[in-house]
Amino acid sequence: MTSPAPGSQARPTTTLWRPTGPEELALVRALDWRAWPPRLPEQPIFYPVLDEDYAIRIARDWNVKHSGSGYVTRFEVDSAFLARYPVRQAGGRTILELWVPAEELDEFNAHIVGPITVTHEFH
């Protein structure tokens, strides 16, 4: 979790990661690195993860295999807003995700603070 800068009125944020393939990354780039694109009909949930190592494993081991490359993105979201989404344990102790229903993604995007950045890429 990141605290607001001294003297600022900004709300605290939580760091999230998202493993992604090249197609989704191109859509994020087209949205000026400020939002996630709408989900496809077969994607009812947007799931950012809470652990960078977990995101790396997905990008490296799954996205590269299926898309030829994988990327790990990092972004900040208003912590108070995130409280509505329970943390889901999708496997081991560090395999933690938030499950955001696709129909709430626009509101989720409105609570992203700053740009979405690429922290790792794999080919």
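This text goes with the structure placed above it.
If you're wondering where the values come from, they're calculated on a predicted model, not measured in any experiment.

Rules used in this analysis
Residues numbered from 1 in each chain as written. Predicted model: local features only at pLDDT ≥ 70, side-chain atom pairs only at ≥ 80, totals over all residues. Heavy atoms only, no water. Salt bridge = Lys/Arg side-chain N within 4 Å of Asp/Glu carboxyl O. Buried < 20%, exposed > 50% of the residue type's maximum accessible area, 1.4 Å probe, protein only. Helix = DSSP H or I, 4+ residues; strand = E, 2+ residues; numbered from the N terminus. Phe/Tyr/Trp six-rings, centres within 6.5 Å; stacked < 30°, edge-to-face > 60°. Lys NZ or Arg CZ within 6 Å of the ring centre and 35° of its normal. Bend = angle between axes of the 7 residues up to and from the residue. Contact = heavy atoms within 4.5 Å. Polar contact = N/O pair within 3.5 Å; in protein donor to acceptor, adjacent residues only side chain to side chain.

Colleague: Lay out the pattern of salt bridges with the relevant residues and their values.
Modeller: Two side chains bearing opposite charge may form a pair once their charged atoms approach each other closely. For the structure shown, the criterion picks out six salt bridges. With a shortest N-O distance of 2.8 Å, Arg60 and Asp61 are connected by a salt bridge. When its relative accessible area of 37% is taken as the criterion, Arg60 is described as partly exposed. In this structure, Arg84 engages Glu107 in a salt bridge whose closest nitrogen and oxygen atoms are separated by 3.3 Å. Of this pair, Arg84 sits in the loop between helix 3 (79-82) and strand 4 (87-89) while Glu107 sits in helix 4 (residues 105-110); the two residues are 23 residues apart in sequence, bridging distant segments of the chain.

Colleague: Tell me about the packing of aromatic side chains, and name the residues and values.
Modeller: All told, the structure shown has six aromatic pairs when counted by the stated rule. Note on Trp36 and Phe46: the rings are 5.4 Å apart at their centroids and 40 degrees apart in plane angle, and the pair reads as tilted. Of this pair, Trp36 sits in the loop between helix 1 (22-30) and strand 2 (45-46) while Phe46 sits in strand 2, placing them ten residues apart in sequence. Each member of the pair, Trp36 as well as Phe46, carries the same accessibility label: buried. Measuring from centroid to centroid gives 5.7 Å for Phe81 and Tyr85, while their planes differ by 70 degrees, and the two rings are edge-to-face. When its relative accessible area of 6% is taken as the criterion, Tyr85 is described as buried. Of the aromatic side chains, those joined through ring pairs into one cluster are Trp36, Phe46, Phe75, Phe81, Tyr85 and Phe108. Over the face of the ring belonging to Trp36 we find Arg18, whose NZ or CZ atom lies 5.8 Å from the ring centre.

Colleague: Give me helix 2 (residues 52-67): which residues, what numbers.
Modeller: Residue pairs spaced three or four apart in an α-helix point in one direction, given the helix's 3.6 residues per turn. The largest bend in helix 2 amounts to roughly 30 degrees and is located at Ala59. All of the buried residues along helix 2 are Tyr54, Ala55, Ile56, Ile58, Ala59 and Asn63. Buried residues along helix 2 sit in contact with strand 1 (13-20), strand 3 (70-78), strand 5 (96-98) and strand 7 (112-122). The N-terminus of helix 2 is capped by Asp51, whose side-chain oxygen sits 3.1 Å from the backbone nitrogen of Asp53. Just downstream of helix 2, Gly68 is the residue with a positive phi angle, here 90 degrees.

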